[in-house]
Amino acid sequence: MQAYNEAKKRCAWQEALSDLITDPKELLTLLHLDPGLLEAARAAVQQFPLKVPRGFVARMQKGNPNDPLLKQVLPLDLELSVTPGYDSDPLREKKANPISGLLHKYHGRVLVTLTSACAVHCRYCFRRYFSYDDNNPGMRGWEKIFNYIRENESISEVILSGGDPLAVSDKLLSLFSEQLARIPHVKRLRIHTRLPIVLPERITAEFTQWLTQLPFHSVIVIHANHPLEINEQVKNALLSLRNTGTLILNQSVLLKGINDEANILIELSETLFAAGVVPYYLHVLDKIQGAAHFDFAESRACELHAELNKHLPGYLVPRLVREESGKPAKTFISY
């Protein structure tokens, strides 16, 4: 019976991932929202499709167009406005893309886009225009990636991103990590994922077992922007990850009308830490075209961060940063 229940849990996340809400009309209907929003939403999804798990939508308040979870995923006509100073590749990732599926932006580490699949399309995503057609190598392209890493002995850390690396199966993750383990200078495996937040059923016993058996130091970086994203199921998933001995960090993006109040960010840090997660980065928005309506003045970001410093112990205050193309690391914002 236990084996049956575990198999059922393994299937549950895959079923949820294959049953995402992709039609704006369905999203608006489920949340009892004004159907007048539909025309704009349909126009916006022509540029960047809608994707959101049903479990994440279930955490949203019905009838509230300003729900902070909804505003992260609802397509708007504002996305179609062309805003000076924003573009399709603000971090100039094309310049750091030597081979398909691999980005090499910083010394000592490379990022592998293991998949183009994602469980949720956040409307502020800085990779909304990323060329996944050219960066989805599949298993056939792995050898080129491993050769690149093997030939660069300065690389000690491999970061799995995408898309979302947890959108692939545990079997595929195991195959990748087994081959990566044959490269002696790789010391750490880092995973950037939103799935523990938006689709917590992905954190199965099989996945946590894979984590505990990795021959590297492992780090998981999750992405939560608002405390209402973290319900009991998410808390349980995060604690399961933490119990593997993996370091769990969170990075948030400052978003106008969503988390641009100090009390929200304070509660987010407290909630994350209670679930075994260290609040690590607080990003100002990457200036991706189509997301300017989420942005606000950096001076306000500094004010918010100063409030966090006043009210939280240092280990609960995430680092205020921005990413700049060509810089050797993220830029810490001082004030």
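Going by the structure above, here's the rest.
Residues numbered from 1 in each chain as written. Predicted model: local features only at pLDDT ≥ 70, side-chain atom pairs only at ≥ 80, totals over all residues. Heavy atoms only, no water.

Trainee: So what about the overall build of the chain? Which residues, and what values?
Mentor: Within the chain, the regular secondary structure consists of 12 helices and nine strands. Its C-alpha radius of gyration of 20 Å places the chain within 12% of the 20 Å reference for a compact globule of 335 residues. Dimensions along the principal axes, computed over C-alpha positions, put the chain at roughly 55 × 55 × 45 Å. Taking all 335 residues of the chain together, 53% fall into the buried category. Of the contacts made within the chain by residues no fewer than 6 positions apart, 82% connect residues no fewer than 24 positions apart. Just so you have it, the chain exposes about 15400 Å², and 51% of that area is on carbon and sulfur atoms. (Helix = DSSP H or I, 4+ residues; strand = E, 2+ residues; numbered from the N terminus. Rg over C-alpha atoms; globule rule 2.2 N^0.38 Å. Buried < 20%, exposed > 50% of the residue type's maximum accessible area, 1.4 Å probe, protein only. Contact = heavy atoms within 4.5 Å. Areas by Shrake-Rupley, 256 points an atom, 1.4 Å probe, with all protein chains shown as cover.)

Trainee: Requested: an account of the sheet that holds strand β6 (residues 247-253), with residues and values cited.
Mentor: As summarised here, the arrangement of the nine strands in space is β1-β2-β3-β4-β5-β6-β7-β8-β9, forming an open sheet in which the pairing is mixed. Every interior strand has two partners, whereas the edge strands, β1 (102-106) and β9 (331-332), have only one. Sheet topology places strand β4 (residues 188-192) next to strand β5 (residues 217-222); five bridges connect them, and they run parallel. Counted as the bridge partner of His192 is Val221 from β5. Strands β1, β2 (109-113) and β3 (157-161) of the sheet are contacted by helix α6 (residues 142-151), whose axis makes an angle of about 25° with β1. (Pairing = 2+ DSSP bridges. Axes fitted to C-alpha atoms, helices over the stretch in contact; angles between N-to-C directions.)

Trainee: Talk me through the layout of surface pockets; I want residue IDs and the actual numbers.
Mentor: There is about 300 Å³ of room inside the second largest pocket. Lining the second largest pocket are 16 residues, with Val284, Leu285, Lys287, Arg322 and Glu323 positioned closest to its centre. For the lining of the second largest pocket, a count of residues per class yields eight nonpolar, one polar and seven charged. (1 Å grid on protein atoms, 1.4 Å probe; cavity = no way out; pocket = protein on both sides within 12 Å on 5 of 7 lines; lining within 4 Å. Points joined across faces, edges and corners; volume = space filled by probe spheres on them. Nonpolar A, V, L, I, M, F, W, Y, C, P; charged D, E, K, R; others polar.)

Trainee: Please set out the packing of aromatic side chains residue by residue, giving values where relevant.
Mentor: Evaluated as defined, the whole model comprises seven aromatic pairs. Ring plane angle 85° and centroid distance 5.8 Å describe the contact between Tyr124 and Phe294, whose orientation is recorded as edge-to-face. Of this pair, Tyr124 sits in the loop between β2 and α6 while Phe294 sits in the loop between β7 (278-283) and α12 (298-311); the two residues are 170 residues apart in sequence, bridging distant segments of the chain. Just as Tyr124 is buried, Phe294 falls in that class too. Both rings, one in Phe207 and one in Trp210, keep their centres 5.6 Å apart while their planes meet at 40°; by these two values the pair is tilted. Separated by three residues within a single helix, Phe207 and Trp210 lie in helix α9 (residues 205-212), roughly one turn from each other. Residue classification places Phe207 among the buried positions, given a relative accessible area of 0%. Site record: aromatic cluster; members linked through ring pairs are Trp142, Phe146 and Phe176. Over the aromatic face of Phe130 sits the side chain of Arg127, whose NZ or CZ is 5.6 Å from the ring centroid. Taking NZ or CZ as reference, Arg202 lies 4.0 Å from the ring centre of Trp13, over its face. (Phe/Tyr/Trp six-rings, centres within 6.5 Å; stacked < 30°, edge-to-face > 60°. Lys NZ or Arg CZ within 6 Å of the ring centre and 35° of its normal.)

Trainee: Describe the state of the cysteines, with residues and values.
Mentor: Under the criterion given, the structure shown has zero disulfides. Just so you know, Cys122 is unpaired, no disulfide at all, and the nearest cysteine sulfur is the one on Cys118, 6.7 Å from it. Owing to a relative accessible area of 9%, Cys122 belongs among the buried residues under this scheme. (Disulfide = S-S within 2.5 Å.)

Trainee: Got a sec to walk through the pairing of β1? Specific residues and values, please.
Mentor: Pairing of β1 with β2, which is carried by three bridges, proceeds in the antiparallel orientation. Its bridge partner being in β2, Tyr106 is matched across the sheet by Arg109. Counting the residues in the hairpin turn of β1 and β2 gives two residues, including Gly108, whose phi is positive at 85°.

Trainee: Describe empty space enclosed by the protein, with residues and values.
Mentor: Taken as a whole, this structure holds one cavity of 30 Å³ or more when the rule is applied. Roughly 70 Å³ of internal volume is contained in the largest cavity. If you go around the largest cavity, the residues you meet are Asn250, Ser252, Leu265, Leu268, Ser269, Leu272, Pro279, Tyr280, Tyr281, Leu282, Leu308 and Pro318. Among the elements of the structure, β6, α11 (262-274) and β7 are those that each provide at least two residues to the lining of the largest cavity.

Trainee: I'd like a rundown of α6, residues and numbers included.
Mentor: Among all positions of α6, only Trp142, Ile145, Phe146, Tyr148 and Ile149 are buried. The arc that holds every buried residue of α6, seen down its axis, measures 155°, which confines them to one face. Facing away from the buried side of α6 by more than 90 degrees, the exposed set consists of Lys144 and Glu151. Those residues of α6 hidden inside the fold are in contact with β1, β2, β3 and α7 (170-180). (Arc of directions from axis to C-beta.)

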